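Topology and contacts: notes
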Amino acid sequence: QVQLVESGGGLVQAGGSLRLSCAASGIVFNINDMGWYRQAPGKQRELVASISTVGTTVYADSVKGRFTISRDNAKNTVYLQMNSLKPEDTAVYYCASGRSRGSSFTTWNWGQGTQVTVDS
């Protein structure tokens, strides 16, 4: 059974930082590309960042220079370090496993999501 369990969300002031974690089980982690999506109320889910099995990273333009995705294959965990947070970053953030091709990402499995709220 595949499980992707996110943690690290919460309430933060604008300009602050959060680090999201996603612990994976039930998959062979080191052969899966991993991604972080977010969905704000009334908006479509969007890909925020992805990291390939060899560490190639891709970011949405809206988060470039502020967010960093990384992975620890020994811990079956992917991270999203979020700095200089803005109110428009407020969303539910979802971890995903799948396959990345350039800026696109084919999702095979989803986490349950973690809420990030940035207060102005």
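The model shown is predicted, which means the values in this text are computed figures rather than measured ones. (Residues numbered from 1 in each chain as written. Predicted model: local features only at pLDDT ≥ 70, side-chain atom pairs only at ≥ 80, totals over all residues. Heavy atoms only, no water.)

1. A closer look at the pairing of strand β3 (residues 18–25)
Note: strand β1 (residues 3–7) against β3, five bridges, orientation antiparallel. Bridge pairing in β3 places V5 opposite A23. Strand direction decides the pairing type here: β3 and strand β8 (residues 77–82), joined by six bridges, are antiparallel. Among the inter-strand pairings, A23 is bridged to a residue of β8, identified as T77. (Pairing = 2+ DSSP bridges. Helix = DSSP H or I, 4+ residues; strand = E, 2+ residues; numbered from the N terminus.)

2. Considering the pattern of salt bridges
In total, this model carries five salt bridges according to the counting rule given. The shortest N-O distance in the salt bridge between D33 and R99 comes to 3.2 Å. With a gap of 66 residues between them, D33 in strand β4 (residues 33–39) and R99 in strand β9 (residues 91–101) connect regions that are remote in the sequence. Note on D33: relative accessible area 3%, which makes it buried. Across the pair D61 and K64 runs a salt bridge, and its minimum N-O distance is 3.1 Å. Shared partners join several salt bridges into a network, and the residues in it are R38, E46, R66 and D89. (Salt bridge = Lys/Arg side-chain N within 4 Å of Asp/Glu carboxyl O. Buried < 20%, exposed > 50% of the residue type's maximum accessible area, 1.4 Å probe, protein only.)

3. Things to note about the sheet that holds strand β7 (residues 67–72)
As summarised here, the arrangement of the four strands in space is β1-β3-β8-β7, forming an open sheet in which the pairing is antiparallel. Only two strands of the sheet have a single partner each, and these edge strands are β1 and β7. Between one strand axis and the next, the sheet turns through 15° on average, direction left out of account. (Axes fitted to C-alpha atoms, helices over the stretch in contact; angles between N-to-C directions.)

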